[in-house]
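Letter by letter, the chains look like this.
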Amino acid sequence: GKIGFVIVDRDNLQRISGDADGHNELNLDEYIEAEVKTYDQYLTGEVYIFKVYESETCNLGCEHKTLVECCSGYYNESDAEDEAKLFVEHYENALA
């Protein structure tokens, strides 16, 4: 098993719980679980990045790539893919 501690100060407790007295435990439990999951993803390297390149072939037949966009910090692979696809769509429309 694993053991650990999560510390929440009074100001964050009130912000997280949505209650001036910090009594909404359901909200707090969900928040803490999400924080621990995100931290675990960070520690285990489950963080995603996307890079978009523009590719051209020169008159000698060599392929040359230019980095157009790069963004990291996604904790969900599908979010990174969706964002990359959205960027490519907007980029292609801007070139048209």
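See the structure printed just above.
Residues numbered from 1 in each chain as written. Predicted model: local features only at pLDDT ≥ 70, side-chain atom pairs only at ≥ 80, totals over all residues. Heavy atoms only, no water.

## Focus on the overall build of the chain
Of the regular secondary structure elements, the chain holds three helices and two strands. Moving toward the C terminus, one meets the helices and strands of the chain in the order α-α-β-β-α. Here the C-alpha atoms of the chain give a radius of gyration of 21 Å, more than 25% beyond the 12 Å that 2.2 N^0.38 yields for 96 residues. Over its C-alpha atoms, taken along the principal directions, the chain stretches across nearly 70 × 35 × 20 Å. Counting across all 96 residues of the chain, residues that qualify as buried make up 10%. Counted over contacts in the chain with a minimum sequence separation of 6, partners at least 24 positions apart contribute 35%. As displayed, the chain has an accessible area near 8,100 Å², and 49% of this comes from carbon and sulfur atoms. (Helix = DSSP H or I, 4+ residues; strand = E, 2+ residues; numbered from the N terminus. Rg over C-alpha atoms; globule rule 2.2 N^0.38 Å. Buried < 20%, exposed > 50% of the residue type's maximum accessible area, 1.4 Å probe, protein only. Contact = heavy atoms within 4.5 Å. Areas by Shrake-Rupley, 256 points an atom, 1.4 Å probe, with all protein chains shown as cover.)

## Digging into the side chain of Gln-41
On the secondary structure map, Gln-41 appears in helix H2 (residues 25–43). With relative accessibility at 7%, the residue Gln-41 sits in the buried group. Setting aside chain neighbours within four positions, we find Gln-41 in contact with Glu-46, Val-47 and Tyr-75.

## Describing the pairing of strand E2 (residues 63–74)
Here strand E1 (residues 48–57) runs beside E2; their pairing, made up of 10 bridges, is antiparallel. In the sheet register, Thr-57 faces E2, and the bridge partner there is Glu-63. Here E1 folds back onto E2, and the loop between the two strands holds five residues, one of which, Gly-61, carries a positive phi near 90°. (Pairing = 2+ DSSP bridges.)

## Observations concerning the packing of aromatic side chains
This structure, assessed with the given rule, holds three aromatic pairs. Both rings, one in Phe-50 and one in Tyr-74, keep their centres 6.0 Å apart while their planes meet at 40°; by these two values the pair is tilted. Here Phe-50 is found in strand E1, whereas its partner Tyr-74 is found in strand E2, with 24 residues between them in sequence. Classification of Tyr-74 by relative accessible area gives buried; the value is 16%. When the ring of Phe-87 is compared with that of Tyr-91, the centres are 5.7 Å apart and the planes differ by 20°; the resulting orientation is stacked. A residue pair is termed a helical-turn pair when its members lie 3 or 4 positions apart in one helix, as Phe-87 and Tyr-91 do in helix H3 (residues 77–95) at four residues. Taking the relative accessible area as the measure of exposure, Tyr-91 reaches 25% and is therefore partly exposed. (Phe/Tyr/Trp six-rings, centres within 6.5 Å; stacked < 30°, edge-to-face > 60°.)

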